[in-house]
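Take a look at the letters that make up each chain.
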Amino acid sequence: MTQTYDVIGIGNAIVDVISHAPDMFLGQMGIEKGIMQLVERERAELLYSAMSDRIETPGGSVANTLAGIGALGLSTAFIGKVNDDALGRFYAETMAASGTAFPNPPRPADLPTSRSMIFVSPDGERSMNTYLGAGADLGHADVPDVFGGGGILFLEGYLFDKDEGKTAFAEAAARMKAAGGRSAITISDPFCAERHRDDFQRLIAEDMDIAIGNAVEWMTLYKTDNLDRAMGMAAEVCETVVCTRSGDDVWVRSGETRVVAPVTRAQVVDATGAGDQFAAGFLFGLARGHDLEVSARMGVVCAREVIGHVGPRPVVDLTALFKAEGLA
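Residues numbered from 1 in each chain as written. Predicted model: local features only at pLDDT ≥ 70, side-chain atom pairs only at ≥ 80, totals over all residues. Heavy atoms only, no water.

> Just checking my understanding: could you explain the UniProt feature "domain: Carbohydrate kinase PfkB" (unreviewed entry) in the protein chain for this structure?
In the numbering used here, UniProt assigns the feature "domain: Carbohydrate kinase PfkB" (unreviewed entry) to residues 56-313. From the first C-alpha to the last, residues 56-313 spans 12 Å; its make-up is 39% helix and 22% strand. (UniProt positions renumbered as here; feature names shortened; annotations may be inferred. Helix = DSSP H or I, 4+ residues; strand = E, 2+ residues; numbered from the N terminus.)

> How should a nonpolar patch on the surface be read in this particular structure?
Together, V315, V316 and L321 give the surface a local cluster of nonpolar side chains, amounting to about 240 Å² of exposed area. Residue position: L321 is located in helix α12 (residues 318-324). (Patch = residues over 30% accessible without salt bridge, like charges linked within 9 Å, V, L, I, M, F, W, Y side chains within 5 Å. Areas by Shrake-Rupley, 256 points an atom, 1.4 Å probe, with all protein chains shown as cover. Salt bridge = Lys/Arg side-chain N within 4 Å of Asp/Glu carboxyl O.)

> Is there a simple way to explain the sheet that holds strand β12 (residues 240-245) in this structure?
Strand pairing within a sheet occurs via backbone hydrogen bonds; the two strands may be parallel or antiparallel. Read across the open sheet, the nine strands follow the order β6-β5-β1-β9-β10-β11-β12-β13-β14; overall the sheet is mixed. Single-partner strands in this sheet number two, and they are β6 (100-101) and β14 (257-261). Judged from the two bridges that link them, strand β5 (residues 76-79) and β6 form a sheet pairing that is parallel. Within β6, the position partnered with A77 by the bridge is A101. (Pairing = 2+ DSSP bridges.)

> Looking at this structure, I do not really get the packing of aromatic side chains. What am I missing?
Here the distance between the centres and the angle between the planes together describe a pair of aromatic rings. Counted according to the given criterion, the structure contains nine aromatic pairs. A centroid spacing of 4.8 Å and a plane angle of 55 degrees characterise the contact between F160 and F169, whose relative ring orientation is tilted. With respect to class, F160 is no different from F169; both count as buried. Consider the rings of F160 and F200, whose centres lie 5.1 Å apart with planes at 75 degrees: the pair is edge-to-face. (Phe/Tyr/Trp six-rings, centres within 6.5 Å; stacked < 30°, edge-to-face > 60°. Buried < 20%, exposed > 50% of the residue type's maximum accessible area, 1.4 Å probe, protein only.)

In structure tokens form, the structure reads like this:
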């Protein structure tokens with residue numbers, strides 16, 4: 001019998017390399033605080049060598065989300081591409097060991113395995129410097145036959161930076177639709193929304209059932225400084241639209257339904273993965289049949305957990321946190 005999965009993700013298979021750094025260091029190195037910047041191989045090697053301390057973990061936005069969903073007990077698979085090098089083998093082995101299937105084994109590639117140098121400031125803000133590498137060459141031919149059980153497909157905007165990624169998205173979304181499942185996307189970054197505005201708008205309108213972004217991403221995507229208007233434009237064409245708001249209440253819209261999930265501000269140790277883990281809790285809730293309000297509150301709990309420690313993945317029992325909040 002073919003293995004089926006509750007949630008299948010597709011995106012960049014990136015090894016996250018996390019280090020602490022003061023704001024002065026960011027300025028000296030020309031790193032723009034709080035965003036993701038694409039870097040070339042030489043720049044990646046320079047930044048890696050400049051890191052004072054390093055924590056290496058299999059990352060990528062969607063892969064982090066799947067790790068959170070898997071920690072909550074659902075079956076997950078991640079479609080990504082790595083080179084058959086040390087980092088690629090580390091990535092595949094660690095994903096499998098954590099419970100997320102990685103159906104594409106490491107294979108020789110022209111480029112090294114992707115990696116992101118993430119500098120965490122004293123205020124917890126993270127600045128990402130990503131070398132796309134082999135992961136960005138994922139294309140439609142790399143999409144395996146894992147959609148037989150339907151479920152939820154989750155896509156990341158970062159993969160749109162190469163045309164091959166767009167073909168992989170289209171292939172995966174078509175297969176999930178044929179299997180009777182739902183598809184969701186995270187916009188990922190305002191620069192993604194700026195670079196790929198037409199593609200994103202078309203994808204959200206035609207292929208996605210769920211779209212998640214933060215306030216800046218939504219306003220950038222629809223070229224407006226009015227967040228409510230931006231979400232309204234998205235909600236006209238997409239079934240469920242979600243907006244995280246950097247420590248403020250989360251907004252969810254579905255047709256005429258509006259949901260607000262309250263956020264209690266907490267100390268930020270490392271903001272890496274906050275959006276990824278919100279998505280984990282939210283998609284877990286939907287996969288388990290919870291309504292939008294409960295699902296959004298689950299997302300808030302997961303985001304709050306991950307900002308309390310270094311690293312983009314949960315380290316405590318999320319189910320216990322749900323119970324403490326009356327969500328399970």
